[in-house]
Amino acid sequence: METTLRGVGVSHGVAIGEVRHMSTAELEPSTARIAPQDVPRERKRARRAMEAVAADLVARGNLAGGEAQAVLEAQAMMARDPELSADVERRIAVGSTAERAVYDSLHAYRALLAGAGEYLAGRVADLDDVRNRIVARLLGMPMPGVPNSDKPFVLVARDLAPADTALLDTSLVLGFVTEEGGPTSHSAILARALGVPAVVALEGAVDLAEGTVVAVDGSTGEVVVAPSPEQRERLAGIARERKAMLATATGPGATSDGHRMPLLANIGGPADVAAALDAGAEGVGLFRTEFLFLDGRKAPSEKKQVETYRQVLEAFPEGRVVVRVLDAGADKPLEFLSPSEEPNPALGVRGLRALLDHPDVLRTQLRALARAAEGLPVYLEVMAPMVADRADARAFADACREAGLRAEVGVMVEVPSAALRARSLLQEVEFLSLGTNDLAQYAFAADRQVGALSRYQDPWQPALLDLVAMAAEAAGAEGKSCGVCGEAASDPLLACVLTGLGVTSLSMGATAIPYVRATLAKHTLAQCERAAAAARASESGDRARAAARSVLSGE
Ligand SMILES: C=C(OP(=O)(O)O)C(=O)O
Ligand SMILES: [Mg+2]
């Protein structure tokens, strides 16, 4: 019988196909003990397996490129961690088999990470994947991962490890559904990069029977189980309509009555530039530079940074590129910057705060940006993450001036205090960029890494829309710009609402750009404003979405 489940749609498109589950069953090796003379052999086996898995992750990263590569390289580093291998060897020395030692050691490491705070939840999933891979290799079992099938299918998993999503064969995997994860989890970001429809945080996903037909709508978050022929036809019709709509909308972003809304891309490095250009991005609205820093225990050299930034800047002649300085801490901890122990890292020394504590790292990055832009016709804009007040904004603007940076300087609005006092921040800087992912996290006091709290991450929440409106109004009053670069901008309907709230540009993962462009082009600015007012007057995220939809479809 047909039933409809609702999760969080994180990557647009409709997929209809049979369920295939990811083979992620945790392999628990036996606790049998080894004889002392077997210790050297087991140590060798452990070392080889850990290195082989690390090398495989690096190779997958090289093939995947972009944000996926940085994530996979970070996983490879876990497998090559000297402390981990020392612990494995200690366990073998007292009688564990190689596989049991790896299993126990990574379990202990996992408990340590989990105990360090929920902010490491994403990393814990990556670590589990590393453990499963090494143990499977040692036991001679197939690697956990995407099932073999010669027929296209919908992939279902508790959560997807970056190693799997990065190399998904998109001709076989029609879409994916996960029980865990949120709109800003690795799986969601990678799904959008791949252009595969995806729904995350779907309760009951792992209980879907293998082979059942499901229809996944990555825009609405709906998963229809065993859809009737009529329902299948309806969804296929929606998919066809969307495709046709995409084909007709091209060029710069604008409403149907010509109100310009530049559509920019969020990127993690030069490897993401091609997709941004393909989607017709008018520039980059968020260059997350931390992907450059993730694979090391120290900051990359100024020279390496100049090379990387220049590759991106060269790709957008006459375009706009907004670079965010390093955003370390909380969900993106960096050994050389983040304090080792903080009771509450999301509220700790992260983003600009960590950079102001390490002025050398900030200075090097700003100098590298200044050098990268030399002689290029690009409009470089540089912004700081996690700015809470005017003193933060001033400190960042001072650092930019001291580094000789000739670029527009701005700040992200990710903390409610920054939205509340946006006008005061704009006395120090030239533009604002709303990071709605963190703004939701801090407005609702709900850790964005915790799947169980994903309802608070819904960017349709009227309280979040109020904060967006405040920042946009302040920027309008100061004659300055205020873009959105959080995931909110990638929802086509919400993009109309954000336009109606007065934001001046929208930046998103490249695959969402055509959808947003096509939807904006169907509505006037006045319609967007009415939809925004209706959404803000609602009492919940769901009602705000329904109210905006009704305004926009009824006109
Ligand atoms: C764009 C944002 O930054 P990130 O997701 O990288 O924290 C945000 O917080 O909305
Ligand atoms: Mg953020």
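Preceding this paragraph is the structure being described.
Residues numbered from 1 in each chain as written. Chains lettered and ligands numbered in written order. Predicted model: local features only at pLDDT ≥ 70, side-chain atom pairs only at ≥ 80, totals over all residues.

A. How the structure looks around the sheet that holds strand β13 (residues 408-413). Spatially, eight strands are ordered β9-β10-β11-β12-β13-β14-β15-β16 in a closed barrel, and the strand pairing comes out parallel. The mean inter-strand angle of the sheet, taken between neighbouring strand axes irrespective of direction, is 25 degrees. Examined bridge by bridge, β13 and strand β14 (residues 431-434) share four bridges and lie parallel to one another. Along β14, the bridge assignment pairs M412 with S433. Most of the contacts of helix α11 (residues 302-314) go to strand β11 (residues 320-324), to which it runs at about 150 degrees, and overall it touches β10 (283-288), β11 and β12 (379-384). Those strands touched by helix α14 (residues 390-402) are β12 and β13, and its axis lies near 150 degrees from that of β13. (Pairing = 2+ DSSP bridges. Helix = DSSP H or I, 4+ residues; strand = E, 2+ residues; numbered from the N terminus. Axes fitted to C-alpha atoms, helices over the stretch in contact; angles between N-to-C directions. Contact = placed C-beta atoms within 7 Å.)

B. Summary view of the pairing of strand β3 (residues 14-21). As judged from the five bridges shared by β3 and strand β7 (residues 213-217), these two strands associate in the antiparallel manner. The residue bridging E18 from the neighbouring strand is V213, located in β7. Inspection of the sheet shows β3 paired to strand β4 (residues 153-157) by four bridges, in the parallel sense. Following the sheet pairing, V19 is matched in β4 by V154.

C. Inspection of the nonpolar core at higher detail. Counting 179 residues, the largest nonpolar core has V411 and A471 as its most contacted members. Broken down by element, the residue count for this core peaks at eight residues, all from helix α18 (residues 462-478). Residues within four places of A471 in sequence aside, it is in contact with V413, A419, A422, L432, L434 and C482. (Core = buried A, V, L, I, M, F, W, Y, C linked by C-beta atoms within 7 Å. Buried ≥ 20, exposed ≤ 12 C-beta atoms within 10 Å, placed from the backbone.)

D. Spatial organisation of the packing of α11 against helix α13 (residues 359-373). In the contact formed by α11 and α13, the axes pass within 8 Å of each other and the chain directions differ by 45 degrees. As judged from the angle between their axes, α11 and α13 are oblique. In the crossing of α11 with α13, the sense of the turn from one axis to the other is right-handed. Each of E302, Q305, V306, Y309, R310 and L313 in α11 lies in contact with α13, whose residues at this interface are T364, Q365, R367, A368, L369, R371, A372 and A373. Per-class residue counts for the contact of α11 with α13 are seven nonpolar, three polar and four charged. (Parallel < 35°, antiparallel > 145°, perpendicular 65-115°, else oblique. Left-handed = near helix turned anticlockwise from the far one by under 90°. Nonpolar A, V, L, I, M, F, W, Y, C, P; charged D, E, K, R; others polar.)

E. Representation of the sheet that holds β7. Taken together, the eight strands give an open sheet; going across it, the order is β1-β8-β7-β3-β4-β5-β6-β2, and neighbouring strands pair in mixed fashion. The open sheet has two free edges, formed respectively by β1 (3-6) and β2 (8-11), since each of these has just one partner strand. Pairs of neighbouring strands in the sheet enclose a mean axial angle of 30 degrees, with direction left out of account. The pairing of β1 with strand β8 (residues 222-225) spans four bridges and is classified as antiparallel. Bridge pairing links R6 to E222 in β8. Docked against the sheet, helix α8 (residues 229-248) engages β3, β7 and β8, running at close to 120 degrees with respect to β3.

F. Focus on the environment of T519. Structurally, T519 is set in helix α20 (residues 513-520). With 273 residues separating them along the chain, T519 and L246 place their C-alpha atoms 8.8 Å apart.

G. Quick look at the packing of helix α21 (residues 525-536) against helix α22 (residues 541-554). Closest axis-to-axis distance for the α21/α22 pair is 8 Å, and the angle between their directions is 155 degrees. By the criterion of interaxial angle, the relationship of α21 to α22 is roughly antiparallel. Between α21 and α22 lies a crossing of right-handed hand. Taken together, the residues of α22 that come into contact with α21 (itself represented by Q527, R530, A531, A534 and A535) are A544, A547, A548, V551 and L552. For the contact of α21 with α22, the class distribution of residues is eight nonpolar, one polar and one charged.

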